[in-house]
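# An overview of the molecular structure
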Amino acid sequence: MSLLTALRIALAALATHKGRSALTSLGIVIGIGAVIGMVSAGDGARLKLDRQLDSVGKNLFVIRPGAHPAAGSIADLVPFRPDDAAALRKRLGERVVGVADLQLTQRVASAGTRHWLTLVAGCTPDMEPVRQWHVVSGRFLNEQDLKKQALVCALGQTVKEKLFPDVADPVGRTVRVDRLRLTVVGVMAAKGRSPIGADQDDQLFLPLTALQHRLVGNDHVTVILTAPRDERQIESVKEEIWRVLREQHRVKPGAEDFDVSTVSEMAAIAVVLTSTMRLLIAVIAGISLVVGGIGIMNIMLVSVTERTKEIGVRMAVGARPSDVLAQFLLEAVVLSFLGGTIGTALGVGVASLLARAAGWPLVVSPSVVLLAFAVCAAVGVFFGYYPAWKASRLDPIEALRYE
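Residues numbered from 1 in each chain as written. Predicted model: local features only at pLDDT ≥ 70, side-chain atom pairs only at ≥ 80, totals over all residues. Heavy atoms only, no water.

The next subject is the packing of aromatic side chains. Going through the model one piece at a time under the given rule, you end up with four aromatic pairs. Note on phenylalanine 140 and phenylalanine 205: the rings are 5.8 Å apart at their centroids and 65° apart in plane angle, and the pair reads as edge-to-face. Of the two residues, phenylalanine 140 sits in the loop between β4 (135-138) and α6 (143-148) while phenylalanine 205 sits in strand β8 (residues 203-207), which places them 65 residues apart along the sequence. Note on phenylalanine 140: relative accessible area 4%, which makes it buried. (Phe/Tyr/Trp six-rings, centres within 6.5 Å; stacked < 30°, edge-to-face > 60°. Helix = DSSP H or I, 4+ residues; strand = E, 2+ residues; numbered from the N terminus. Buried < 20%, exposed > 50% of the residue type's maximum accessible area, 1.4 Å probe, protein only.)

As structure tokens, then:
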């Protein structure tokens, strides 16, 4: 008997009991749908996070002030001083792309009749290479601006759109922040949202010295940013940062009043979360597939009993036990494949809905789909073999007598 003929007979047998076949394959549908839907959703979420981390800079070091509190106490927040950043700049040298010290404050920026509450970032020129900002119009802040405490600024895309929605290029225009009148010298390219959801484009940059001496009246530094030139030097640069700031603050290891973290650590946490989610999905899907496989075995045993006389007739006209075995085994595999096909469509649909709702890209890996169908075939063969073997072992004479 040819494979095509066996397949046609298998489909006809399953079509005879459509409802029963559909219910039997339900476990397979749920298992495969869960795998494809959740893995695709996880891959989409991870891709979105990777893009956001790239926009921040995966090699970025964020150095914040703040003591490590003892149990039950409140941490003291002592801002950095300019000489902390200067010491890092001197000691790290060419190993980093720059050291950007910032003081951050929220203020209302105004242009004409338009007003917008935004993050005002007093920074040094190193901010541009360290954070991988790109200018789309004009220029970024330079050393002369820093030395002269120049009243100039660069705008993030969100600030530009809020204050100058009808102006293609606002370079040369004036923006007011409190009592300061700042001349716009540049507009930055859009970066989008950070991994924690903050709008990175909702910022106005001005020279750190201008903010410190002309706006807030102190020389505090809120945060220091830096990034190594070579990814292989991340750990050595991190150790050097700890060493330099301990010397600056005259503290021993374990008593630091600052913290050093990297964006890559967030990426590592995301990998762990994704891997854990995949493991949970695999467990749930495995249980569903086992349940589905048992259902296939059960229904095939029922089918063998119902078709005992049919099996006897086939054997009487020349069918070999191997032909009967192959026939019933093929039916189990077809039933499993049908469940896998419906489950794949369901999984892709679920992944698409999740991607649309959460705003991340739809990622359906072909390897996951192929693996799903391979698992379906394995389930069909494994759980369908015993009923098929039982059918092939029937005595033709006893089968013909069966009523």
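Next, the rest of the story.
Right, let's get into the pairing of strand β2 (residues 96-111). Among the 16 residues in β2, twelve count as buried, and that is most of the element. Where β2 and strand β9 (residues 223-228) come together, five bridges link them in antiparallel fashion. When the bridges of β9 are listed, aspartate 101 appears paired with isoleucine 224. What sits between β2 and strand β3 (residues 114-123) in their antiparallel hairpin is a turn of two residues, with glycine 112 showing a positive phi close to 65°. With two bridges joining them, β2 and strand β6 (residues 174-177) adopt antiparallel strand pairing. Looking at the pairing, alanine 109 lines up with valine 177 of β6. (Pairing = 2+ DSSP bridges.)

Two elements in contact, helix α12 (residues 321-358) and helix α13 (residues 366-392), have axes whose closest approach is 7 Å; the angle formed by their N-to-C orientations is 145°. Between α12 and α13 lies a crossing of right-handed hand. Of the residues belonging to the contact of α12 with α13, the class tally is 18 nonpolar, seven polar and no charged. (Axes fitted to C-alpha atoms, helices over the stretch in contact; angles between N-to-C directions. Left-handed = near helix turned anticlockwise from the far one by under 90°. Nonpolar A, V, L, I, M, F, W, Y, C, P; charged D, E, K, R; others polar.)

Moving on, we get to the side chain of glutamine 157. Considering the arrangement of structural elements, one finds glutamine 157 in helix α7 (residues 157-163). Side-chain polar atoms of glutamine 157 contact the backbone oxygen of methionine 188, separated by 3.0 Å. Dropping the residues within four chain positions of it, glutamine 157 is found in contact with Val136, Val187, Met188, Ala189, Ala190 and Asp201. (Polar contact = N/O pair within 3.5 Å; in protein donor to acceptor, adjacent residues only side chain to side chain. Contact = heavy atoms within 4.5 Å.)

Turning to the packing of helix α11 (residues 308-316) against α12, a few remarks are in order. The relative placement of two packed helices comes down to the angle between their axes together with the axis-to-axis distance. Running from N to C, α11 and α12 point in directions that differ by 140°, and their axes come no closer than 10 Å. Viewed along their axes, α11 and α12 adopt a mutual orientation that is oblique. Of the two possible hands of crossing, α11 and α12 adopt the one that is right-handed. Between α11, through Ile311, Arg314 and Met315, and α12, the contact on the second element is made entirely by Pro321, Val324, Gln327 and Phe328. Class assignment of the residues belonging to the contact of α11 with α12 gives a composition of five nonpolar, one polar and one charged. (Parallel < 35°, antiparallel > 145°, perpendicular 65-115°, else oblique.)

The tally for this structure, following the rule as stated, stands at eleven salt bridges. Across the pair arginine 89 and aspartate 101 runs a salt bridge, and its minimum N-O distance is 3.0 Å. Of the two residues, arginine 89 sits in helix α4 (residues 82-92) while aspartate 101 sits in strand β2, which places them twelve residues apart along the sequence. Take aspartate 101: its relative accessible area is 5%, and that puts it in the buried class. A salt bridge links glutamate 240 to arginine 243; the nearest nitrogen and oxygen atoms lie 2.3 Å apart. In this pair, glutamate 240 and arginine 243 both sit in helix α9 (residues 234-249), three residues apart, roughly one turn of the helix. What makes glutamate 240 buried here is its relative accessible area of 10%. Through salt bridges with shared partners, one network takes in Arg91, Glu240, Arg243 and Glu247. (Salt bridge = Lys/Arg side-chain N within 4 Å of Asp/Glu carboxyl O.)

Of all the positions in α4, only Asp84, Ala85, Ala87, Leu88 and Leu92 are classed as buried. Down the axis of α4, the buried set is contained in an arc of 160°. They therefore lie on one face. In this fold, the buried residues of α4 make contact with β1 (61-65), β2, β9 and α9. (Arc of directions from axis to C-beta.)

We now examine the nonpolar core. In this structure, Ile28, Ile32, Ile311 and Phe328 are the most contacted members of the largest nonpolar core, which totals 24 residues. Listing elements by their share of this core, those giving two or more residues are α3 (26-56), α10 (263-306), α11, α12 and α13. By residue number, the principal contributor to this core is α13, which donates eight residues. Counting residues in hydrophobic clusters, the runner-up holds 20 residues, among them Cys123, Met127, Trp133 and Ala150. (Core = buried A, V, L, I, M, F, W, Y, C linked by side-chain atoms within 4.5 Å.)

With that settled, consider the confidence of the model for the chain. Counting all residues, the mean pLDDT for the chain is 82, and 88% of those residues have values of 70 or more. No element of the chain has a lower mean pLDDT than helix α14 (residues 396-401), which averages 64, and none a higher one than strand β5 (residues 152-155), which averages 96. (pLDDT = per-residue confidence, 0-100.)

The next thing to look at is the environment of lysine 162. Along the polypeptide, lysine 162 turns up in helix α7. The class for lysine 162 is partly exposed, based on a relative accessible area of 39%. When the C-alpha atoms of lysine 162 and leucine 117 are compared, they prove to be 9.9 Å apart, with 45 residues separating the residues in sequence. Contacts of lysine 162, omitting those with residues within four sequence positions, involve Arg114 and Trp116.

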